[in-house]
Amino acid sequence: MGLVQQALDGNPRSLSRLATLIENDTPVGRRALELLHPRTGSAHVIGVTGPPGAGKSTLIASLIREIRSTTRRVGVIAIDPTSPITGGAMLGDRIRMLDHWEDPGVFVRSMASRGRHGGLAPATAGLIHLLDATGFDIVIVETVGVGQEDVDVTSSAHTVVVLQVPGLGDDIQTIKAGLLELADIYAVNKADRPGAEDIARSLRALVGPLRMSTTVLWQPIVVKTSGIDGIGVAELLKAIDRHRAHLVETGEWVRRATAMARTEVRSLIWRELSRQLRENGGTTFDRLIESVVDRRMSPSDAAADWLAQRSTP
Ligand SMILES: Nc1nc2c(ncn2[C@@H]2O[C@H](COP(=O)(O)OP(=O)(O)OP(=O)(O)O)[C@@H](O)[C@H]2O)c(=O)[nH]1
Ligand SMILES: [Mg+2]
């Protein structure tokens, strides 16, 4: 396929077009992913997550600068929780990273998280594969929070960076509310503000070694960062690289890749099922719903019936 070859040859416009075709789950996009699959598997996928407004996009822009000071290429996929209608924050993401706009070693794409019928996770995975296959060494995925969106960073990345920020009230409570035992690296961001050292100290005391498998342990690294003035960004990249080396040395890289593949196949199954459900809103489905309303069938029997019918050709 010409477009795929052009993207592999490093043509930024073809890459961008292909990204859109993959994002929208078009037949060309699907075919491209088939062709690209044998070339994937080497990019380091980094999930960056944290509360809204924690400074994720700003920190990532800073991280891009740091990564580009080496020869490595970096792609960013920002999953935006805001309404696709206003589009404000998505634009914001782009503007913040605009100083990289003509660098072919940088690719940035924002995706709205609403109104995708469960297609966000497969779209994200598809874009990761595209960037991986076309020679991006690092792919960063920005998401808000954990479990709030249908892209779960913990099973879609090799390395998870969780941002914490000073000034969110009872800091340790915020930390405890679900983000512990999840991050490989903690970035205490907006470190230009007071209180960052306190959070960093508490985190270091609180966060024990992460059990990766029966034999492999990883002690999460805590770094203080600021995307605005670049504090700690070099240290953050060092921590990311250390984590990658650790994954490779211990064989954990393969285990994480397996978990990522499992998540992706599962999300593709979900997408296909929800597509069939949407398209099969006609006769079969409606008849089942009538049976439920008439009390001839229970909702769970109706669901089982629908699933059984779709598997018999
Ligand atoms: N003081 C300070 N402010 C920062 C820093 N980084 C970002 N900000 C500010 O925090 C606000 C949010 O920054 P973003 O980078 O958009 O944060 P985000 O986490 O990507 O936000 P969402 O994607 O909307 O959740 C902006 O007003 C930034 O200017 C920092 O290091 N220090
Ligand atoms: Mg952002």
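Computed from a predicted model, the values in this text were never measured in an experiment.

A. Local environment of the overall build of the protein. Looking only at helices and strands, the protein features 12 helices and nine strands. Of the roughly 15600 Å² of accessible surface on the protein, 55% is carried by carbon and sulfur atoms.

B. Fine view of helix α9 (residues 233-250). Over its 18 residues, α9 extends 26 Å from the first C-alpha to the last, a length consistent with the 26 Å expected when each residue adds 1.5 Å. Directly beyond the C-terminal end of α9, a positive phi value near 85 degrees is found at glycine 251.

C. Spotlight on the site of ligand 1. Near ligand 1 there are 16 residues, and of these Lys56, Ser57, Thr58, Asp192 and Ser226 occur at the shortest range. A distance of 2.8 Å separates a nitrogen atom of ligand 1 from a polar side-chain atom of aspartate 192. Residue assignment for the shell around ligand 1 shows that the elements contributing at least two residues are α4 (56-68) and β4 (138-144). Here the shell around ligand 1 takes three residues from α4, the largest share from any one element.

D. Structural view of the packing of helix α2 (residues 12-23) against helix α6 (residues 120-133). For the pair α2 and α6, interaxial distance at closest approach is 9 Å and the crossing angle is 155 degrees. In terms of orientation, α2 and α6 fall into the roughly antiparallel class. Between α2 and α6 lies a crossing whose hand is right-handed. In contact with Leu15, Leu18, Ala19, Ile22 and Glu23 of α2, α6 contributes Ala123, Gly126, Leu127, Leu130 and Leu131. Looking at the contact of α2 with α6, its residues break down into eight nonpolar, one polar and one charged.

E. Spotlight on the coordination of the magnesium ion (ligand 2). Protein-derived coordination of the magnesium ion (ligand 2) comes from Ser57 (OG) and Glu142 (OE), at a distance range of 2.1 to 2.2 Å. Here serine 57, found in helix α4, pairs with glutamate 142, found in strand β4; they are 85 residues apart in sequence, far enough to count as distant. You'll find serine 57 and glutamate 142 in the same group, each marked buried.

F. Fine view of the layout of surface pockets. There is about 850 Å³ of room inside the largest pocket. Lining the largest pocket we find 36 residues, and of these Ala125, His129, Met260, Ala261 and Glu264 sit closest to its centre. When residues of the lining of the largest pocket are traced back to their parent elements, those giving at least two are α3 (27-36), α6 and α10 (252-279). A total of 10 residues in the lining of the largest pocket trace back to one element, the largest contributor, which is α10. Looking at the lining of the largest pocket, its residues break down into 16 nonpolar, 12 polar and eight charged.

G. Spatial organisation of the packing of aromatic side chains. Applying the stated criterion across every chain yields a total of one aromatic pair. Seen from the ring of phenylalanine 136, arginine 73 lies directly overhead, with NZ or CZ sitting 4.1 Å from the centre. For the cation-ring pair, arginine 244 lies above tryptophan 253, with the distance from its terminal atom to the ring centre recorded as 4.6 Å.

H. Here's a closer look at a nonpolar patch on the surface. Taken together, the side chains of Met1, Val28 and Leu35 present a nonpolar region at the surface, about 220 Å² in accessible area. Within the fold, leucine 35 resides in helix α3.

I. Here's a closer look at the pattern of salt bridges. For the coordinates displayed, the defined rule picks out 12 salt bridges. The partner of arginine 201 in a salt bridge is aspartate 198, and the shortest N-O contact between them spans 3.7 Å. Here arginine 201 pairs with aspartate 198, and both are found in helix α8 (residues 196-206), just three residues apart, close to one helical turn. Each of Asp184, Glu252, Arg255 and Arg256 takes part in a single network of salt bridges with overlapping partners.

J. Representation of empty space enclosed by the protein. On inspection of all chains with the given rule, the structure shows one cavity of 30 Å³ or more. For the largest cavity, the calculated volume is near 30 Å³. Together, Val48, Leu59, Ile60, Leu63, Val161, Leu236 and Ile240 line the largest cavity. Ranked by residue count, the leading element in the lining of the largest cavity is α4, at three residues. In terms of residue class, the lining of the largest cavity is built from seven nonpolar, no polar and no charged.

K. Expanded view of the side chain of aspartate 184. For aspartate 184, the position within the fold is in the loop between α7 (171-176) and β6 (185-188). A distance of 3.3 Å separates polar atoms of two side chains, one belonging to aspartate 184 and the other to histidine 243.

L. Quick peek at the packing of α9 against α10. Where α9 meets α10, the axes come as close as 5 Å, and the angle between the chain directions of the two elements is 95 degrees. Looking at the two axes, α9 sits roughly perpendicular to α10. Contacts from His243, Arg244, Leu247, Val248 and Thr250 of α9 reach α10 at Glu252, Trp253, Arg255 and Arg256. Its residues assigned to classes, the contact of α9 with α10 comprises three nonpolar, two polar and four charged.

Reading the values: the criteria
- Residues numbered from 1 in each chain as written.
- Chains lettered and ligands numbered in written order.
- Predicted model: local features only at pLDDT ≥ 70, side-chain atom pairs only at ≥ 80, totals over all residues.
- Heavy atoms only, no water.
- Helix = DSSP H or I, 4+ residues; strand = E, 2+ residues; numbered from the N terminus.
- Areas by Shrake-Rupley, 256 points an atom, 1.4 Å probe, with all protein chains shown as cover.
- Expected span 1.5 Å × (residues − 1).
- Near = heavy atom within 4 Å.
- Polar contact = N/O pair within 3.5 Å; in protein donor to acceptor, adjacent residues only side chain to side chain.
- Axes fitted to C-alpha atoms, helices over the stretch in contact; angles between N-to-C directions.
- Parallel < 35°, antiparallel > 145°, perpendicular 65-115°, else oblique.
- Left-handed = near helix turned anticlockwise from the far one by under 90°.
- Contact = heavy atoms within 4.5 Å.
- Nonpolar A, V, L, I, M, F, W, Y, C, P; charged D, E, K, R; others polar.
- Donors = N, O, S within 2.8 Å, 3.2 Å for Na, K, Ca; no water.
- Buried < 20%, exposed > 50% of the residue type's maximum accessible area, 1.4 Å probe, protein only.
- 1 Å grid on protein atoms, 1.4 Å probe; cavity = no way out; pocket = protein on both sides within 12 Å on 5 of 7 lines; lining within 4 Å.
- Points joined across faces, edges and corners; volume = space filled by probe spheres on them.
- Phe/Tyr/Trp six-rings, centres within 6.5 Å; stacked < 30°, edge-to-face > 60°.
- Lys NZ or Arg CZ within 6 Å of the ring centre and 35° of its normal.
- Patch = residues over 30% accessible without salt bridge, like charges linked within 9 Å, V, L, I, M, F, W, Y side chains within 5 Å.
- Salt bridge = Lys/Arg side-chain N within 4 Å of Asp/Glu carboxyl O.

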